[in-house]
Amino acid sequence: MKNRILQALSEADGFLSGQELSNLLGVSRTAVWKAIGKLKEEGYEIEAVTNKGYRLVPDQERDILNQAEIEKRLTTVWAGHPVIYEKETGSTNDDIMHMADEGAAQGTLAVASHQTAGKGRRGRTWLSPAGKNVYMSILLRPQIPVSEAPMMTLIMALATYEMLQDLHFPERIRFGIKWPNDLVVSVDGGPYKKFVGILTEMRLEDTEIRDVTIGIGLNLNLESVDPELEETATTLYLATGEKVNRAEIAAGCWNHFEPDYEAYLSAGSLEPLRERYSSALVNIGRKVRILDPKGEFTGIAKAVTSGGELVVTPDDGSEDRRIGTGEISVRGVMGYV
Ligand code: BTN
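Residues numbered from 1 in each chain as written. Predicted model: local features only at pLDDT ≥ 70, side-chain atom pairs only at ≥ 80, totals over all residues. Heavy atoms only, no water.

It is worth spelling out the site of the ligand at this point. Surveying the vicinity of the ligand reveals 20 residues, the closest of which are Ser91, Gln115, Lys119, Arg121 and Lys194. The contact in question runs from a nitrogen atom of the ligand to an N or O atom on the side chain of Gln115, over 3.0 Å. Arg121 is positioned such that a nitrogen or oxygen atom in its backbone is 2.7 Å from an oxygen atom of the ligand. Where the shell around the ligand is concerned, the elements lending two or more residues are helix 5 (92–101), strand 5 (134–140), strand 8 (193–205) and strand 9 (208–218). With four residues, strand 8 is the largest single contributor of residues to the shell around the ligand. (Near = heavy atom within 4 Å. Polar contact = N/O pair within 3.5 Å; in protein donor to acceptor, adjacent residues only side chain to side chain. Helix = DSSP H or I, 4+ residues; strand = E, 2+ residues; numbered from the N terminus.)

Here it is as structure tokens:
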């Protein structure tokens, strides 16, 4: 109902009276008035003038994150259908796993503007303040071997990188992927800093994949980061000086993810995406430190395989090593990348 009023107002040429809206939608004038109140609460600027009615104040720059704003920007067939938006939740990854247990369809997307129990990788917390960022998770039920599941994260990173390219920031703003799945940004050739994180959680049934939840947290319009993290972390606003429309960013990720994921499934490997993924990687040609529990070493990152592994030439002259995404961590020798 709220969404139908919004649509009627955005299509109207000027004002629509309460009576016109109530006739159009077949509801009472009180119901119209209540729905207008809710839209205003969500951030829509609606002008009300006696004897004229209501008018949606046009504002291309308005940043409103909700189900309707995301849905109208999605061009996908299944990714993001449906969108379940919550202003505040614990963790969208947890929400998706609960929905999966209740039989939700593949592609179900949980989006929130604030998380009170955001989860990061390696059991860390993902700081999720309200109103400025995007926190979202999707449900997948891929019929692939368990060992392939980490690939989902790489595909998500690539889709996010491609969405960022669509925003056409000036050349001095460079985006990249830090293998396997952190999105980083560098300004004027400065150090790359992380502003997007991805957490993929897989659940098994016997030895097969029951479902996979990919969660992504994008630090977008936030005006500051924790001083302790400043050297390695940033937000899109701090890097570019521009505020973005969060619904556009959210939808853009899935508009890229769906075809990339399908290309991966039909090839059974990263091969169709490998070139694009490699060219987005900021590690290639750089020195990396591999924090392998079996023994730490440094080397030069050379390439990525069709299995998503990072090929590293160790500094000690030994044979090239293929690093899987598992529990191994890659650090730059200078700074975060
Ligand atoms: C990382 O540590 O880099 C991964 C962070 C992933 C955060 C996202 S926000 C949406 C989803 N819900 C969560 O609780 N975590 C992921």
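By the bridge criterion, four bridges tie strand 1 (residues 46–49) to strand 2 (residues 53–56) in an arrangement that is antiparallel. Directly across from Val49, in strand 2, lies its bridge partner Gly53. (Pairing = 2+ DSSP bridges.)

What follows is about helix 5. Count 3.6 residues to each turn of an α-helix, and residues three or four apart come out pointing the same way. Most of helix 5 is tucked away, with seven of its 10 residues classed as buried. Restricting attention to buried positions, one finds in helix 5 the residues Thr92, Asn93, Asp95, Ile96, Met97, Met99 and Ala100. Buried residues belonging to helix 5 abut strand 3 (83–86), strand 4 (109–112), strand 5, strand 8 and strand 9. The residue sitting at the N-terminus of helix 5 and contributing the capping side-chain oxygen is Ser91; that oxygen lies 3.2 Å from the backbone nitrogen of Asn93. Backbone geometry just downstream of helix 5 places Gly103 in the positive-phi region, at approximately 95°. (Buried < 20%, exposed > 50% of the residue type's maximum accessible area, 1.4 Å probe, protein only. Contact = heavy atoms within 4.5 Å.)

Sheet architecture is open: seven strands sit in the order 3-4-5-9-8-7-6, paired in mixed fashion. Each end of this open sheet is capped by a strand with a single partner; those strands are strand 3 and strand 6 (173–178). Adjacent strand axes in the sheet meet at a mean angle of 15° when their direction is disregarded. Pairing of strand 6 with strand 7 (residues 182–187) involves six bridges; the strand directions are antiparallel. (Axes fitted to C-alpha atoms, helices over the stretch in contact; angles between N-to-C directions.)

Summarising the element assignment, Glu258 is placed in helix 8 (residues 246–267). It is Arg276 that comes nearest to the buried, bridge-free Glu258 among opposite-charge side chains, at 13 Å. The residues touching Glu258, leaving out its near neighbours within four places in the chain, are Thr76, Val77, Trp78 and Ala79. (Lys, Arg positive; Asp, Glu negative; His and termini not counted. Salt bridge = Lys/Arg side-chain N within 4 Å of Asp/Glu carboxyl O.)

A few words now on the nonpolar core. With 67 residues, the main nonpolar core has Met136, Met152, Trp254 and Phe257 as its most contacted residues. Broken down by element, the residue count for this core peaks at 11 residues, all from helix 6 (residues 151–166). Excluding residues within four positions of it along the chain, Met152 makes contact with Leu140, Pro142, Ile144, Thr200, Val212, Ile214, Phe257, Tyr261 and Tyr264. (Core = buried A, V, L, I, M, F, W, Y, C linked by side-chain atoms within 4.5 Å.)

Together, Asp226, Glu228, Glu230 and Glu231 make up a region of like negative charge exposed at the surface. As for its position among the elements, Glu230 is in the loop between strand 9 and helix 7 (236–240). (Patch = residues over 30% accessible without salt bridge, like charges linked within 9 Å, V, L, I, M, F, W, Y side chains within 5 Å. Areas by Shrake-Rupley, 256 points an atom, 1.4 Å probe, with all protein chains shown as cover. Charge placed at Lys NZ, Arg CZ, Asp CG, Glu CD.)

The next thing to look at is the environment of Val77. One can find Val77 in the loop between helix 4 (67–71) and strand 3. Residues Val77 and Asp101 lie 24 residues apart in sequence; the distance between their C-alpha atoms is 23 Å.

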